[in-house]
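The primary structure of each chain is shown beneath.
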Amino acid sequence: RFVKLGQKADLRSRQMLNRSTFATKTQTVKKTLQAAGKESFFALQEERREQAERSVLISCPPNINQKRFLDYISKHGHIQNHFFYQSYGIYAVVEFSTKENIKALKANCTIPSVQHEAAVPFKSRLLSLKWTGQGSQSNASNTLKFQKHLPIPINELTQHLCRQESIDQQLQCLTDLYQLTDENISLRFLVCSLLRDIAAAYFPECIIRPFGSTVNSFGKLGCDLDMFLDLDGISGLNQRKGSGLSLEYQVKQGTSERTVTQSILSVIGECLDQFGPGCVGVQKILNARCPLVRFAHQPSGFQCDLTANNRVAMKSSELLFVYGILDARVRHLVFAIRCWARVHGITSSIPGAWITNFSLTVLVLFFLQRRTQPLLPTLDQLRDLAAPSDQCIIEGNDCTIVSDLSKIKLQKNTDTLEMLLQEFFEFYGNFAYSSTSINIRKGKEQNKPESTPLHIQNPFETGLNVSKNVNATQLERFVALCRESAWLLEQKEVRKRSPVQSADVIPPWGLAALLLPSVAQSAGVKGRRKKKHHPASERIKSLLESIKSNSGGVGVKQSAV
Ligand code: GTP
Ligand code: MG
């Protein structure tokens, strides 16, 4: 449903682009919500979770025949949905109509007897389909269609981008190719549900919920699976008053929330390691600011981070989702900037002093709030529109945002994606980082409360800086690349696709030119050198040098590149 929602927004954005206008924003929000059946972020997630609970994950033999597979599995109940994918072999996700069907299926499953080793007899919904001898060789007359769970390589991506007609189309194309598919999201919820069954051995009423890019509408194929163990439904509720007597559970006490979280995660981590089918490389990282258990879930191929007691992160995911759904241009710009940053090593999969995808996303949101006609509302505005039932205070932080998105009245902003991309680079190529903090709550630059190179106020825990880890070198690299990209996009040879005959030899242009490992030496720019008085690489070099000598370092507000 998340993907469908995004696609609906994309479709509208395309229709609007065709008319060269992004007007009537209020209408857009209303229609997007209607398309989603007027469901809130949490309603959408609950629907996914419920689907996952009716699903199983089956490892299949290599020569499996689809019809035979479906005939066999459907003996146990009606199959609502299914798909196949490859990851260390062939897997099928099968969604039944009811949970009862799974009981029937499991009644027919056996614990394998393994030679020379012993099996942990844990009966999960991760199964293996085996040939029993009879008719084992399938003639495989029908070829299976596999769902893709990884993004296409960057060189293929740039080829796709080059074939588009405009930069606006390039950004839409990038989102289409990179965003999580409906099936990938289903698999993510299924993995959460499978892990929940393990945690339920200790906490029968717990829920494992995905957060971060799985649900915030900015997820890219291949991104990690962030989850949190939600025990809120168990603790703190059910306080009865009135009769004069009440019963409560006797519980163990920990010295703080943190130590309780650490001990719960430690035990669940141990359990995943010892008994969790498919969970490998389990590491308990319990001393981190946010304690977590990290592991790989081999059957899905997901890198997993399991946290507990992390409701603020869930709220941040909702906030990003809301911003992503308000206007299709938000997701297109975020996907483009994230991809650009990854290609140039501004972000990395390894934790370190670099900018994270979360910080980058907040940078894009802030930029969109700072347009002359703001494209996005501030977080304070989203809070002010909230109904009393939306009120949400987590550990003393006001995390309230409006859930009825139709209340949000957007301003009329008709900027094209090309314009936004260009101006994003100019905005952050010239931002006063040394004195100013980025603040999406107020939608305005604020005085910096601390001296870290980059200060992005945490939207909900306002005393925290989400980019505290970023050092001066990494910030300088980001700024230099913004300036170079802004300059490149000003060049008419980069901005427009060259009128070539053969679709195979389109030189990189627009977004594709910005994604080349070294933009200055790109084939596209090389090809145009003859027309210039001096090579583009020289021009960029001297341009950057002049910026450097004028700026006195990052932090001084400069005129546009
Ligand atoms: P990917 O890089 O695609 O995984 O993006 P992501 O948004 O999932 O980021 P990541 O896996 O690093 O973090 C998961 C979620 O944790 C984010 O979406 C945020 O909600 C939250 N988060 C990450 N970093 C920070 C941070 O520095 N501060 C706060 N408050 N939350 C963070
Ligand atoms: Mg993530």
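The coordinates are above.
Described in the following lines is the structure provided in the data block. (Residues numbered from 1 in each chain as written. Chains lettered and ligands numbered in written order. Predicted model: local features only at pLDDT ≥ 70, side-chain atom pairs only at ≥ 80, totals over all residues. Heavy atoms only, no water.)

What follows concerns the coordination of the magnesium ion (ligand 2). Bound to the magnesium ion (ligand 2) on the protein side are Asp224 (OD) and Asp226 (OD), at distances that span 2.1 Å. Its relative accessible area of 29% is what places aspartate 224 among the partly exposed residues. On the accessibility criterion, aspartate 226 (13% relative accessible area) is buried. (Donors = N, O, S within 2.8 Å, 3.2 Å for Na, K, Ca; no water. Buried < 20%, exposed > 50% of the residue type's maximum accessible area, 1.4 Å probe, protein only.)

Once that is clear, we can look at helix H6 (residues 154–162). All buried positions along H6 are accounted for by Leu157, Thr158, Leu161 and Cys162. Each buried residue of H6 lies within a common arc of 135° when the element is viewed along its axis, so the set occupies one face. Against helix H7 (167–178), helix H11 (328–343) and helix H17 (510–515) lie the buried residues of H6. (Helix = DSSP H or I, 4+ residues; strand = E, 2+ residues; numbered from the N terminus. Arc of directions from axis to C-beta. Contact = heavy atoms within 4.5 Å.)

The biggest cluster of nonpolar side chains holds 96 residues, and the ones touching the most others in it are Trp340, Leu421, Phe425, Tyr428 and Phe478. Looking at which element gives the most residues to this core, the answer is helix H10 (residues 311–326), with 10 residues. Not counting chain neighbours up to four residues away, the residues in contact with phenylalanine 478 comprise Trp340, Ile346, Ile355, Leu360, Leu363, Phe424, Tyr428 and Tyr433. The next biggest cluster of nonpolar side chains, apart from the first, holds 34 residues, and it includes Tyr85, Leu194, Ile198 and Leu306. (Core = buried A, V, L, I, M, F, W, Y, C linked by side-chain atoms within 4.5 Å.)

Let's shift gears to the site of ligand 1. Neighbouring ligand 1 are 15 residues; Ser213, Asp224, Asp226, Asn357 and Asn458 lie closest to it. Take asparagine 458: an N or O atom from its side chain is 2.7 Å from a nitrogen atom of ligand 1. With respect to ligand 1, the backbone of valine 466 contributes an N or O atom lying 3.4 Å from an oxygen atom. Against a free-state accessible area of 600 Å², the protein chains account for coverage of 78% of ligand 1. (Near = heavy atom within 4 Å. Polar contact = N/O pair within 3.5 Å; in protein donor to acceptor, adjacent residues only side chain to side chain. Areas by Shrake-Rupley, 256 points an atom, 1.4 Å probe, with all protein chains shown as cover.)

Let us look at the sheet that holds strand S9 (residues 302–308). Taking strand neighbours across the sheet as the criterion, the five strands line up as S5-S6-S9-S8-S7 in an open arrangement whose pairing is mixed. The open sheet terminates on both sides in strands that have one partner only, identified here as strand S5 (207–211) and strand S7 (279–285). Averaged over neighbouring strand pairs, the angle between their axes works out to 25° when direction is ignored. Sheet contacts for helix H8 (residues 182–199): S5, strand S6 (225–230), S7, strand S8 (292–297) and S9; angle to S5, the most-contacted strand, approximately 150°. Across the sheet, helix H9 (residues 257–275) lies against S6, S7, S8 and S9, angled at about 160° from S7, the strand it touches most. (Pairing = 2+ DSSP bridges. Axes fitted to C-alpha atoms, helices over the stretch in contact; angles between N-to-C directions.)

Moving on: the packing of aromatic side chains. Counting across every chain of the model gives 19 aromatic pairs. A cation sits over an aromatic face here: arginine 188 above phenylalanine 302, 4.5 Å from the ring centre. (Phe/Tyr/Trp six-rings, centres within 6.5 Å; stacked < 30°, edge-to-face > 60°. Lys NZ or Arg CZ within 6 Å of the ring centre and 35° of its normal.)

With that settled, the discussion passes to the packing of H7 against H11. Two elements in contact, H7 and H11, have axes separated by 9 Å at closest approach and are oriented at 80°. In terms of axis orientation, H7 runs roughly perpendicular to H11. Facing H7, whose interface residues are Leu171, Gln172, Leu174, Thr175 and Tyr178, H11 presents Arg331, His332, Leu333, Phe335, Ala336 and Cys339. Grouping the amino acids of the contact of H7 with H11 by side-chain chemistry returns seven nonpolar, three polar and one charged. (Parallel < 35°, antiparallel > 145°, perpendicular 65-115°, else oblique. Nonpolar A, V, L, I, M, F, W, Y, C, P; charged D, E, K, R; others polar.)

By themselves, these are just geometric observations and shouldn't be taken as functional.
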